[in-house]
Amino acid sequence: MENVVLLAIESSCDDTSAAVIRDGVLLSNVTASQSVHEEFGGVVPELASRAHQLNILPVVDTALKRAGVQKCELSAIAFTRGPGLLGSLLVGTSFAKGLALSLGIPLVEVNHLQGHVLAHFVVSGLPSVVSGPQPKYPFLCLLVSGGNSQIVKVHSNGKHLPQMEIIGQTIDDAAGEAFDKCAKVLGLPYPGGPWIDKLAKQGNAKAYTFAEPHLPGYDYSFSGLKTSFLYTIRDLMREHGVDTIEALSERIPNLKEDLCASLQFTIIDTLMRKLKKAAQDLHINQVAIAGGVSANSGLRTAMEDYGKRYKWNVFIPPFSFTTDNAAMIAQAGYFKYLDGDFCAIDEVPYAKTRIA
Ligand code: KG4
């Protein structure tokens, strides 16, 4: 099939993103992030959907212009149907439907989580992004973001869109949530993951130890770690007779850096141990990471180390395809387009769903 041009729209949380892909080559990927949530220390759903309404038109317009594509050239529109915040998803979904209806072209609905995994298949036509090698089926993908932490087995089913199966997942908080909530305790801005990553580079990962869960199989749990982090700080405050993290920082040199390094070490150790077990048990040596937390420098280094030690072929996405972006939705949408998998105009977004 030739000259397939797709516009993809992603609006599942607090990033409004649009991308254009022609015959499997990414021509543009434009994202507007929302700073409105920073002062609240987390995403405020109502504010997110309002910001999407303001951003969506200029973002789509810019994506089309950067790709050098006219609306009349589009073959279909792909959009994130879920999971995510319903108010946010409604903006992208309604926009996609309206545009597809007005142009008389089909719609392709995309599962956001599948999009994250398929970021590894994006062939970048952008000068700023170099695509890496693509994993071969079957492969394992550690999908770690603000809302999800799971190990996914990806295998071929004869179609373009591969089959995805959850091998293990968090039973409570996601890894990104643990990063963000612990960062909030330290008084760091939202989202806290990148801040912890930055401070961890100047800290001692062995300075503090936190409770690590011991769940059977490949499942994760991060809520106990969060509590353990909180209690460590509470106990230090009692010991030093202070009641704020800032006052404690004045008493203990390098406190925040050491706490960040120790926390990051514990999260990565937890993630990697289960991933290693899954790879060994299933005899799979193609191992990938995806999702916002895959931007973490410690996790990326750990993947490289494990790759060398256990002879894995490791796949790490370019930074711009780790956090929410429409490039990955375009890729998933392109596979579904080739499979002839279109959706009806009356399909509604969903807040929760599994990857398959
Ligand atoms: O995939 P994503 O953009 O949104 C969801 O679908 O959840 O992931 C956002 C998450 C946030 O929790 C953020 O703190 C985390 O990814 N994150 C990081 C880093 N960059 C983003 N966590 C740790 N280290 C980073 N460098």
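Residues numbered from 1 in each chain as written. Predicted model: local features only at pLDDT ≥ 70, side-chain atom pairs only at ≥ 80, totals over all residues. Heavy atoms only, no water.

*Asks:* Got a minute to help me understand the site of the ligand in this structure?
*Replies:* Not every one of the 19 residues close to the ligand is listed here, only the nearest: Gly146, Asp180, Asp197, Gly292 and Asn296. At a separation of 3.3 Å, an oxygen atom of the ligand approaches a polar side-chain atom of His116. A distance of 3.0 Å separates an oxygen atom of the ligand from a polar backbone atom of Gly292. Compared with its free state, where it exposes 550 Å², the ligand has 89% of that area covered by protein. Those elements giving two or more residues to the shell around the ligand turn out to be helix H3 (112-118), helix H4 (175-185) and helix H5 (193-200). A domain split of the shell around the ligand shows at least three residues from each of domain 1 (5-132 + 320-338) and domain 2 (167-317). (Near = heavy atom within 4 Å. Polar contact = N/O pair within 3.5 Å; in protein donor to acceptor, adjacent residues only side chain to side chain. Areas by Shrake-Rupley, 256 points an atom, 1.4 Å probe, with all protein chains shown as cover. Helix = DSSP H or I, 4+ residues; strand = E, 2+ residues; numbered from the N terminus. Domains from an automatic or database assignment.)

*Asks:* Quick question: what am I supposed to make of the packing of aromatic side chains here?
*Replies:* One pass over the full model with this rule turns up ten aromatic pairs. Geometrically, the ring pair formed by Tyr137 and Phe139 is stacked, given 6.0 Å between the ring centres and 15° between the ring planes. The exposure class assigned to Tyr137 is partly exposed, which follows from its relative accessible area of 31%. Through successive ring pairs, a cluster of aromatic residues spans Phe121, Tyr137, Phe139 and Phe335. (Phe/Tyr/Trp six-rings, centres within 6.5 Å; stacked < 30°, edge-to-face > 60°. Buried < 20%, exposed > 50% of the residue type's maximum accessible area, 1.4 Å probe, protein only.)

*Asks:* I would appreciate a short explanation of the pattern of salt bridges in the present structure.
*Replies:* Side chains bearing opposite charge may pair, as long as their charged atoms lie close to each other. What the rule picks out here adds up to 14 salt bridges. A salt bridge links Glu73 to Arg22; the shortest N-O distance between them is 3.3 Å. In this pair, Glu73 is assigned in the loop between helix H1 (45-67) and strand E4 (76-82) and Arg22 in strand E2 (residues 15-22), connecting sequence segments 51 residues apart. Between Asp281 and Lys277 there is a salt bridge, with its nearest N and O atoms 3.3 Å apart. Remark: Lys277 and Asp281 occur in helix H8 (residues 255-282); sequence separation between them is four residues, near one turn of the helix. A relative accessible area of 38% means that Asp281 is categorised as partly exposed. One network of salt bridges, with partners in common, ties together Arg81, Glu109, Lys336, Asp341 and Glu347. (Salt bridge = Lys/Arg side-chain N within 4 Å of Asp/Glu carboxyl O.)

*Asks:* Looking at this model, I keep getting lost on the layout of surface pockets. Mind explaining?
*Replies:* Left-over empty space is what a probe sized like a water molecule reveals as it rolls over the atoms. Considering only enclosed or pocket space, the second largest pocket measures out at about 230 Å³ in volume. Lining the second largest pocket are 13 residues, with Gln264, Phe265, Ile268, Gly298 and Ala302 sitting closest to its centre. Partitioning the lining of the second largest pocket into residue classes produces eight nonpolar, three polar and two charged. (1 Å grid on protein atoms, 1.4 Å probe; cavity = no way out; pocket = protein on both sides within 12 Å on 5 of 7 lines; lining within 4 Å. Points joined across faces, edges and corners; volume = space filled by probe spheres on them. Nonpolar A, V, L, I, M, F, W, Y, C, P; charged D, E, K, R; others polar.)

*Asks:* What is the right way to look at helix H10 (residues 326-338) in this model?
*Replies:* Owing to its 3.6 residues per turn, the α-helix aligns residues three or four sequence positions apart on the same side. The end-to-end C-alpha distance of H10, which contains 13 residues, comes to 18 Å, matching closely the 18 Å that a straight helix rising 1.5 Å per residue would cover. Summarising burial for H10: 13 of the 13 residues are buried, a large majority. Where H10 starts, the residue carrying a side-chain oxygen 3.1 Å from the main-chain nitrogen of Ala327 turns out to be Asn325. Remark: Gly340 follows H10 within two positions and exhibits a positive phi of approximately 70°. (Expected span 1.5 Å × (residues − 1).)

*Asks:* Could you clarify how one ought to interpret the sheet that holds E4 in this entry?
*Replies:* The strands that make up a sheet are held in pairs by hydrogen bonds between backbone atoms, and each pair lies either parallel or antiparallel. The strand order E5-E4-E1-E2-E3-E6 describes an open sheet built from six strands, whose pairing is mixed. Each end of this open sheet is capped by a strand with a single partner; those strands are strand E5 (107-111) and strand E6 (123-124). Across five bridges, E4 lies against E5 in parallel orientation. Bridging from a neighbouring strand, Ala78 pairs with Val108 of E5. Relative to E2, H1 is tilted by about 25°, and along the sheet it contacts strand E1 (5-10), E2 and strand E3 (25-33). (Pairing = 2+ DSSP bridges. Contact = heavy atoms within 4.5 Å. Axes fitted to C-alpha atoms, helices over the stretch in contact; angles between N-to-C directions.)

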